[in-house]
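# Structure at a glance
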Amino acid sequence: MEKSNFKLVTDEEIEVAQFGQYLLNLPIKVDESKLDKKLLPRYFKEHPHENLPVFSDKYMIFRRGIGIDRTTDYFIMEKLDMIISRIWMWFLRVTRLQRLFSKTEKLISKKDTKKTDEISSDSEDQDIIVERIRIEKLELSIRNLIGQITIQEPTFDRMIVVYRRAGTKTQIDRGIYVKHFKNIPMADMELVLPEKKNPSLTPMDWVKFLISAVLGLVTLVSSLEMPKADIWVVIAIISGLAGYCAKVYFTFQQNMTTYQNLITQSMYDKQLDSGRGTLLHLCDDVIQQEVKEVIISYFILMEQGKLTIKDLDHKCEELIREQFHEDINFEVKDAVRKLEKLGIVARDSIARIYCVPLKRANEIIGTTTEELVIKAQQGLPS
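Residues numbered from 1 in each chain as written. Predicted model: local features only at pLDDT ≥ 70, side-chain atom pairs only at ≥ 80, totals over all residues. Heavy atoms only, no water.

## Notes on helix 9 (residues 309-324)
End to end, helix 9 covers 22 Å across 16 residues, agreeing with the expected 22 Å (1.5 Å per residue, within 8%). Taken as a whole, helix 9 has its buried residues at Leu 312, Asp 313, Cys 316, Glu 317 and Ile 320. Seen along its axis, helix 9 keeps its buried residues to an arc of 130°; they face one direction. In this structure, the buried residues of helix 9 make contact with helix 8 (276-304), helix 10 (332-342) and strand 9 (353-355). Immediately beyond the C-terminal end of helix 9, within one or two residues, lies His 325, with a positive phi of roughly 55°. (Helix = DSSP H or I, 4+ residues; strand = E, 2+ residues; numbered from the N terminus. Expected span 1.5 Å × (residues − 1). Buried < 20%, exposed > 50% of the residue type's maximum accessible area, 1.4 Å probe, protein only. Arc of directions from axis to C-beta. Contact = heavy atoms within 4.5 Å.)

## Topic: the confidence of the model for the protein chain
Residue-level pLDDT values for the protein chain average 80, and 80% of them are 70 or greater. Scored below 50 in pLDDT, residues 101-114 makes five contacts in the model with residues more than four places away or belonging to other chains. (pLDDT = per-residue confidence, 0-100.)

## Considerations on the pattern of salt bridges
With the rule as written, the count across this model stands at 18 salt bridges. Because the salt bridges share partners, they merge into one network encompassing Glu 32, Lys 37, Asp 57 and Lys 58. (Salt bridge = Lys/Arg side-chain N within 4 Å of Asp/Glu carboxyl O.)

## Examining the sheet that holds strand 7 (residues 271-274)
A sheet is described by the order of its strands in space; here five strands give the open sequence 1-2-5-6-7, paired in antiparallel fashion. Looking at which strands have only one partner, the edges of the open sheet turn out to be strand 1 (7-8) and strand 7. Summarising the sheet, strand 5 (residues 149-164) and strand 6 (residues 176-185) pair through nine bridges and their orientation is antiparallel. The residue bridging Val 161 from the neighbouring strand is Lys 179, located in strand 6. (Pairing = 2+ DSSP bridges.)

## Side note on the packing of helix 9 against helix 10
Direction vectors running N to C along helix 9 and helix 10 enclose 110°, while the axes themselves pass 10 Å from each other. Viewed along their axes, helix 9 and helix 10 adopt a mutual orientation that is roughly perpendicular. In contact with Ile 309, Leu 312 and Asp 313 of helix 9, helix 10 contributes Val 332, Lys 333 and Val 336. Classifying every residue of the contact of helix 9 with helix 10 by side-chain character gives four nonpolar, no polar and two charged. (Axes fitted to C-alpha atoms, helices over the stretch in contact; angles between N-to-C directions. Parallel < 35°, antiparallel > 145°, perpendicular 65-115°, else oblique. Nonpolar A, V, L, I, M, F, W, Y, C, P; charged D, E, K, R; others polar.)

## Details of the packing of helix 8 against helix 9
Here helix 8 crosses helix 9 at 105°, and the two axes come no closer than 10 Å. Considering their axes alone, helix 8 and helix 9 lie roughly perpendicular with respect to each other. Facing Ile 296, Ser 297, Phe 299, Ile 300, Leu 301 and Gln 304 of helix 8, the residues of helix 9 in contact are Leu 312, Lys 315, Cys 316, Leu 319 and Ile 320. Within the contact of helix 8 with helix 9, the residues separate by chemical class into eight nonpolar, two polar and one charged.

## Some details on the nonpolar core
For soluble globular proteins, nonpolar side chains are generally found buried alongside one another. Membership of the largest hydrophobic core comes to 20 residues, with the highest contact counts inside it found for Leu 301, Leu 312, Phe 330, Ile 344 and Val 345. At the level of secondary structure, the elements contributing two or more residues to this core comprise helix 8, helix 9, helix 10 and strand 9. Those residues in contact with Phe 330 that lie beyond four places of it in its chain are Glu 293, Ile 296, Ser 297, Asp 313, Cys 316, Glu 317, Ile 320 and Ala 335. Listed in part, the 18 residues of the second largest apolar core include Val 9, Val 30, Val 192 and Leu 193. (Core = buried A, V, L, I, M, F, W, Y, C linked by side-chain atoms within 4.5 Å.)

## A word on the pairing of strand 6
With three bridges connecting them, strand 6 and strand 7 associate as antiparallel partners. Each bridged residue has a counterpart across the sheet, and for Phe 181 the counterpart in strand 7 is Gln 271.

## Focus: the environment of Glu 12
Assignment of secondary structure puts Glu 12 in helix 1 (residues 11-19). Look at Glu 12 and you get exposed, because its relative accessible area is 53%. Separated by 41 residues in sequence, Glu 12 and Pro 53 have C-alpha atoms that sit 8.6 Å apart.

## Observations regarding helix 10
Residues of helix 10 that are buried: Val 332, Asp 334, Ala 335, Val 336 and Leu 339. Those residues of helix 10 hidden inside the fold are in contact with helix 8, helix 9, strand 8 (345-347) and strand 9.

## Some remarks on the packing of aromatic side chains
Here a ring pair, both rings aromatic, is described through the centre-centre distance and the interplanar angle of the planes. Counted under the stated rule, the structure contains three aromatic pairs. A centroid spacing of 5.2 Å and a plane angle of 75° characterise the contact between Tyr 43 and Phe 44, whose relative ring orientation is edge-to-face. Taking the relative accessible area as the measure of exposure, Phe 44 reaches 13% and is therefore buried. When the ring of Phe 55 is compared with that of Tyr 59, the centres are 4.7 Å apart and the planes differ by 5°; the resulting orientation is stacked. The exposure classification of Phe 55 matches that of Tyr 59, with both residues buried. (Phe/Tyr/Trp six-rings, centres within 6.5 Å; stacked < 30°, edge-to-face > 60°.)

## Considering the environment of Ile 149
Its place among the elements puts Ile 149 in strand 5. On a C-alpha basis, the gap between Ile 149 and Tyr 74 in space is 6.2 Å, while along the polypeptide they are 75 residues apart. The contacts of Ile 149, once residues within four sequence positions are left out, are Thr 71, Thr 72, Asp 73, Phe 75, Lys 79, Ile 135, Leu 138 and Asn 144.

Quick look at the structure:
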């Protein structure tokens, strides 16, 4: 994984990723009873690793690269939810019911707002900042409410999930599942989780139901106890209560449909491969990465002559920046070590690195497997 530049997802990254909502608005949980809890703890006991996530005993998630996903739509139900939420927060402020909420939640919310609106990809040399554009932060205007809007979410360019299913008392499942995904929005990262439970109404939805029912019943009873109860007021109260409950229910149904569509998309569009295909892809990634490092390092030495390890590193990064407009951290030490193993570079008395001529390097390396295959296809003697 390290050779392919994949990094283990940390608890902090999970927290930042799941703070906001994007297309998936349902709480997704893993059915831990279906996952093995012996293999990974045993592995990490023999191979210690820092900053392991809390789920590392059940499954592992690796990620590589940061991208951007944009979606343009009307988002009618989401806009209604946003308006209702803002009205509810205004009501809490006016009635001073906000004091019922803990101060800790306020501090956490204020602390994390900026951090979770901008996602950074850590690198030794730089930070890549990607801004989240969410419906919750939407500016209230007629144009935004009735027209299409574009929301934006940073994505993990590549993700790999590793896990093993739990066996039964009579049969142990020894198969290790490896799944490879692409372009997964951070806020929808639950899509790649293994053995997901079917989502249900959230505790907040049930709270909304209960609060609405209690307030509706209290208002209804107080209206009926009046000497001259207005039947239209009673009808309005019942209609409002029924309408709000229907809104919560249909919002859940819409979220379920969206969830099923996203699951289908993740299986057919975002899942690159699984099992042996993923392992072969990783091996190919490693080979290509190391071959490219070796070629670039040799080319710079051939063009520039003798260089220190630091100067070679700088020249390689500068070449990639000029030719491909990408800023990377070039692994020069690994490349030089491979070149020295091949015997086509050496060091002088003051530790400067130099290469042998190209013709001589080709003689030292000898005939490659690819050249043998080409000669065999052309019917030439080896």
